[in-house]
Amino acid sequence: MEGWHGAFDAAIEKLNSSADQQTATLYVHGTLKVMLYAPSGEDHQIPHERDEIYVVARGSGQFQLGESLFAFQAGDAIFVPAGAEHRFVEFSDDLAAWVMFYGPKGGEAA
């Protein structure tokens, strides 16, 4: 069995050297894809085909999920079902979140 450990500082370094400097893919295993996401200015995400979980590593702000808007801070976890409109809004300049995509396209059945 192959393991993986994702250190935040190493992830930031990879993010800073990535082409868009907002996302860095860190690990892929089966349907699991682990990335670090650090939007700058505005978050222009579009709905994704698979379920995802964000774990906020640093920063704070508001998160919009569909019609709902709620506050988040470092340490929070946010689940977004496949196909849902979502984005970080009114967030601090230092925002960085681990994001994990998993499961089949269309999301897992409840």
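Residues numbered from 1 in each chain as written. Predicted model: local features only at pLDDT ≥ 70, side-chain atom pairs only at ≥ 80, totals over all residues. Heavy atoms only, no water.

**Re the sheet that holds strand 1 (residues 23–29)**
Right, so step 1: One open sheet accounts for five strands, arranged 1-2-8-3-6; its pairing is antiparallel. Each edge of the open sheet is held by one strand with a lone partner, namely strand 1 and strand 6 (77–80). Each strand axis lies, on average, 20° off the axis of its neighbour in the sheet, ignoring direction.
Right, so step 2: As judged from the four bridges shared by strand 3 (residues 51–58) and strand 6, these two strands associate in the antiparallel manner. If you follow Y54 over to strand 6, its bridge partner there is I78.
Right, so step 3: In the packing of helix 1 (residues 8–16) onto the sheet, the strands contacted are strand 1, strand 2 (32–37), strand 3 and strand 8 (96–102), and the crossing angle to strand 1 comes to about 120°. (Pairing = 2+ DSSP bridges. Helix = DSSP H or I, 4+ residues; strand = E, 2+ residues; numbered from the N terminus. Axes fitted to C-alpha atoms, helices over the stretch in contact; angles between N-to-C directions. Contact = heavy atoms within 4.5 Å.)

**Structural notes on the packing of aromatic side chains**
Working definition: an aromatic ring pair is given by the centre-to-centre distance plus the angle between the planes.
Right, so step 1: Taken as a whole and assessed by the stated rule, the structure comprises eight aromatic pairs.
Right, so step 2: Between W4 and Y27, the ring centres sit 5.0 Å apart and the planes meet at 20°, which makes this aromatic pair stacked. Taken together, the residues span a long stretch of sequence, with W4 in the segment before helix 1 and Y27 in strand 1 at a distance of 23 residues.
Right, so step 3: The exposure class assigned to W4 is partly exposed, which follows from its relative accessible area of 38%.
Right, so step 4: Taking 6.3 Å as the distance between ring centres and 65° as the angle between the ring planes, the aromatic pair formed by F8 and W98 counts as edge-to-face. (Phe/Tyr/Trp six-rings, centres within 6.5 Å; stacked < 30°, edge-to-face > 60°. Buried < 20%, exposed > 50% of the residue type's maximum accessible area, 1.4 Å probe, protein only.)

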